[in-house]
Amino acid sequence: MATLGWEVLRAMPRRPFQVRECIQQAWFFASVTILPTALVAIPFGAVIAMQLGSLTQQIGAQSFTGAASALAILQQASPLITALLVAGAGGSAMCADIGARTIREEIDALEVLGISPIQRLIVPRVIGAVLVALLLNGMVSVVGVLGGYFFNVILQGGTPGAYLASFNALAQLPDLWISEFKALLYGFVAGIVAAYRGLNPAGGPKGVGDAVNQAVVITFLLLFLINLVLTGIYLQLVPPKGL
């Protein structure tokens, strides 16, 4: 799998670049993930805001509800929601497509014709997954923060000024960069895992179905591990913003 990832990185700048295929794959990923991602982001942001709002009321720190909930959504929830939807909806479809091509021996036919299946099929799909993950992460961040703002102000009686002021006081630009970097890496990993399992299914249609299930599970495990490592590194390298 690591070798496939390296080969995809090497093949990305090579010509001919499959622009049309890349656009089609990005549109496909977006079409199957935008609505589910938005529907997940709203309750996720609301749950975080209500839980933190209740906690800050108990300790008398209601003014920091906005900063805590927004930073939690921006740094952790947005990239993970994006990755899970990209891997679960788009990655599974990508794995099934490549797996079906593999058992029909289309991949072998491309190699016989002298066409690299990695450059022709895998690279456009991985680039599409990365682009959609970056864009969806921004959408989830906005939707999640707005959902948290609405539920905190409307349902819990918080003040809009305190919510926004605390967020402005504690949030910083590197929080957005680490969120986007996580989304980029998650999209790449989801695409590579889906491609690897699609290129190596067991025999027959049942093998393709098993490969899709394995791709989703492996991707989820890798994403949570990568999130742990990146969060630990970020918290050590970037100092928190003081009041």
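Let me sum up the structure you'll find in this document. (Residues numbered from 1 in each chain as written. Predicted model: local features only at pLDDT ≥ 70, side-chain atom pairs only at ≥ 80, totals over all residues. Heavy atoms only, no water.)

## Some points on the overall build of the protein chain
Then step 1. Within the protein chain, the regular secondary structure consists of 8 helices and 0 strands.
Then step 2. For the protein chain, the spread of C-alpha atoms along the three principal axes comes to 70 × 35 × 30 Å.
Then step 3. In the protein chain, which comprises 243 residues, the share counted as buried stands at 45%.
Then step 4. Taking the contacts inside the protein chain whose residues are at least 6 apart along the sequence as the reference set, 88% of them involve residues at least 24 apart. (Helix = DSSP H or I, 4+ residues; strand = E, 2+ residues; numbered from the N terminus. Buried < 20%, exposed > 50% of the residue type's maximum accessible area, 1.4 Å probe, protein only. Contact = heavy atoms within 4.5 Å.)

## With respect to the environment of A41
Then step 1. As for its position among the elements, A41 is in helix α2 (residues 19-59).
Then step 2. Each C-alpha atom, one on A41 and one on G147, is 8.0 Å from the other, the two residues being 106 residues apart in sequence.

## Some thoughts on the environment of G91
Then step 1. With respect to the element layout, G91 can be found in helix α3 (residues 65-103).
Then step 2. Taking the C-alpha atoms as reference points, G91 and A215, 124 residues apart in sequence, are found 7.8 Å from one another.
Then step 3. Non-local contacts of G91, meaning those with residues more than four positions away in its chain, are made with F29, V86 and A194.

## What to know about the pattern of salt bridges
Then step 1. Throughout the structure, instances matching the rule amount to 7 salt bridges.
Then step 2. E106 serves as the salt-bridge partner of R104, at 2.8 Å between the closest nitrogen and oxygen.
Then step 3. Look at the salt bridges and you will find they share partners, linking E21, D97, R101, R104, E106, R120 and R125 into a network. (Salt bridge = Lys/Arg side-chain N within 4 Å of Asp/Glu carboxyl O.)

## Quick notes on helix α1 (residues 2-11)
Then step 1. Within α1 the residues assigned to the buried category are L4, G5, V8 and A11. Angularly, the buried residues of α1 cover 130 degrees about the axis, an arc narrow enough to put them on a single face. What points out from α1, more than 90 degrees from its buried face, is the exposed set A2, T3 and W6.
Then step 2. Looking at the buried positions of α1, the neighbouring elements they touch are α5 (117-155) and α7 (173-199). (Arc of directions from axis to C-beta.)

## A short note on the nonpolar core
Then step 1. If you look at the biggest cluster of nonpolar residues, it comprises 41 residues, and the most contacted ones within it are V8, V86, M94, I118, I122 and V126.
Then step 2. Put simply, the parts of the chain that give this core at least two residues each are α1, α2, α3, α4 (106-112), α5, α7 and α8 (204-237).
Then step 3. Not counting residues up to four positions away in its chain, the partners in contact with V8 are I118, I122, V123, V126, F188 and I192.
Then step 4. In terms of nonpolar packing, the next biggest core, distinct from the first, is built from 8 residues, A41, L52, I73 and V140 among them. (Core = buried A, V, L, I, M, F, W, Y, C linked by side-chain atoms within 4.5 Å.)

## Examining the environment of S69
Then step 1. Mapped onto the fold, S69 is located in helix α3.
Then step 2. The class for S69 is buried, based on a relative accessible area of 0%.
Then step 3. In this structure S69 touches I48, A49, L52 and Y163, once residues within four positions along its chain are discounted.

## With respect to the packing of aromatic side chains
Then step 1. What the rule picks out here adds up to 1 aromatic pair.
Then step 2. Pairing F28 with F29 gives two aromatic rings, centres 6.2 Å apart and planes at 75 degrees, and the pair type is edge-to-face.
Then step 3. Exposure remark for F28: the relative accessible area of 32% places this residue in the partly exposed category. (Phe/Tyr/Trp six-rings, centres within 6.5 Å; stacked < 30°, edge-to-face > 60°.)

## With respect to unusual backbone geometry
Then step 1. The phi torsion at E105 lies on the positive side, around 65 degrees, for a residue other than glycine.
Then step 2. The residue E105 is located in the loop between α3 and α4 in this model.
Then step 3. The class for E105 is exposed, based on a relative accessible area of 54%.

## Description of the packing of α5 against α7
Then step 1. Packing of α5 against α7 brings their axes to within 8 Å, and their N-to-C directions diverge by 145 degrees. Between α5 and α7 lies a crossing whose hand is right-handed. Of the residues in α7, those in contact with I122, V126, A129, V130, A133, L134, N137, G138 and S141 of α5 are S179, E180, A183, L184, G187, F188, G191, I192, A195 and L199.
Then step 2. Split by residue class, the contact of α5 with α7 holds 12 nonpolar, 6 polar and 1 charged. (Axes fitted to C-alpha atoms, helices over the stretch in contact; angles between N-to-C directions. Left-handed = near helix turned anticlockwise from the far one by under 90°. Nonpolar A, V, L, I, M, F, W, Y, C, P; charged D, E, K, R; others polar.)

## Re the side chain of T231
Then step 1. One can find T231 in helix α8.
Then step 2. Overall, T231 belongs to the buried group, its relative accessible area being 15%.
Then step 3. Apart from residues no more than four positions distant in its own chain, T231 is found in contact with Q76 and K182.

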